[in-house]
Amino acid sequence: MTDAQNMVRLNLDLSPELNQILDELANKIGTSKSDVLRQAITLMQIMVIAKEETKKLGVPEANQLIVNEIIVSSEQQPKPNASEGFLETFGSWEDTRTAEEIVDEIYSSRTVSDRNYSL
């Protein structure tokens, strides 16, 4: 099998501005838009792995001074599904009392205030 036969075809929706940037990058480095996206995905993978290892990725000047630090913000990180997090809490409460005993204790611990409030 050739590499083309092993490829997965994707459809991608881009804004006109991003498409123009993609065109410009492909022209600058003399490659296809697909190659630009593959290289961008590889770079993003390197950044995510570096962040997981508490490393930083930067763009140094010739004198080795970092002029641009590439930071993957938490907003770009995949967020856990809210319902999955909620479901993980099920079963976390452990008690030897029955539900009725717990409810009775809650009701019996309530107090009534006899303070007079006025507005």
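Conventions used here
Residues numbered from 1 in each chain as written. Predicted model: local features only at pLDDT ≥ 70, side-chain atom pairs only at ≥ 80, totals over all residues. Heavy atoms only, no water. Helix = DSSP H or I, 4+ residues; strand = E, 2+ residues; numbered from the N terminus. Buried < 20%, exposed > 50% of the residue type's maximum accessible area, 1.4 Å probe, protein only. Contact = heavy atoms within 4.5 Å. Areas by Shrake-Rupley, 256 points an atom, 1.4 Å probe, with all protein chains shown as cover. Salt bridge = Lys/Arg side-chain N within 4 Å of Asp/Glu carboxyl O. Patch = residues over 30% accessible without salt bridge, like charges linked within 9 Å, V, L, I, M, F, W, Y side chains within 5 Å. Axes fitted to C-alpha atoms, helices over the stretch in contact; angles between N-to-C directions. Parallel < 35°, antiparallel > 145°, perpendicular 65-115°, else oblique. Nonpolar A, V, L, I, M, F, W, Y, C, P; charged D, E, K, R; others polar. Expected span 1.5 Å × (residues − 1). Arc of directions from axis to C-beta.

## As for the overall build of the protein chain
The secondary structure content of the protein chain amounts to 5 helices and 2 strands. Helices and strands in the protein chain line up, N terminus first, as α-α-α-β-β-α-α. Out of the 119 residues in the protein chain, the part that is buried amounts to 5%. Within the protein chain, contacts between residues at least 6 apart in sequence are counted, and of these 15% link residues at least 24 apart. Split by element, the accessible area of the protein chain, about 11400 Å² in all, is 55% carbon and sulfur.

## Remarks on the pattern of salt bridges
Scanning the entire structure with this criterion turns up 3 salt bridges. Of the charged contacts in the structure, one is a salt bridge between Asp23 and Lys33, with a shortest N-O distance of 3.2 Å. Placement of the pair is Asp23 in helix α2 (residues 16-29) and Lys33 in helix α3 (residues 33-52), with a sequence separation of 10 residues. Where Asp35 meets Arg38, a salt bridge forms, and the shortest distance between an N and an O atom there is 3.5 Å. Of this pair, Asp35 and Arg38 both sit in helix α3, separated by 3 residues, roughly a single helical turn. Residue classification places Arg38 among the partly exposed residues on the basis of a relative accessible area of 39%.

## Focus: a nonpolar patch on the surface
A cluster of nonpolar residues, Leu12, Leu14, Leu18, Ile21, Leu25 and Leu37, forms a patch on the protein surface that exposes about 500 Å² of accessible area. A per-element tally of the nonpolar patch places α2 first, with 3 residues. Secondary-structure assignment places Leu12 in the loop between α1 (3-6) and α2. Classification of Leu12 by relative accessible area gives exposed; the value is 54%.

## Brief notes about the packing of α2 against α3
At a closest axis distance of 9 Å, the pairing of α2 and α3 adopts a crossing angle of 95°. Of the possible angle classes, the one that applies to α2 and α3 is roughly perpendicular. Taking contact as the criterion, the partners of Asn19, Leu22, Asp23, Leu25, Ala26 and Ile29 in α2 are, on α3, Lys33, Val36, Leu37 and Gln39. Here the contact of α2 with α3 is composed, by residue class, of 6 nonpolar, 2 polar and 2 charged.

## Observations concerning α3
In this model α3 runs 29 Å from its N-terminal to its C-terminal C-alpha over 20 residues, within 8% of the 28 Å that 1.5 Å per residue would give. All of the buried residues in α3 are Val36, Met47 and Ala50. In an axial view of α3, the angular spread of the buried residues amounts to 65°, which keeps them on one side of the axis. Away from its buried face, by an angle of more than 90 degrees, α3 presents the exposed residues Ile41 and Glu52. Once α3 finishes, Thr54 follows within two positions and takes phi at roughly 55°, a positive value.

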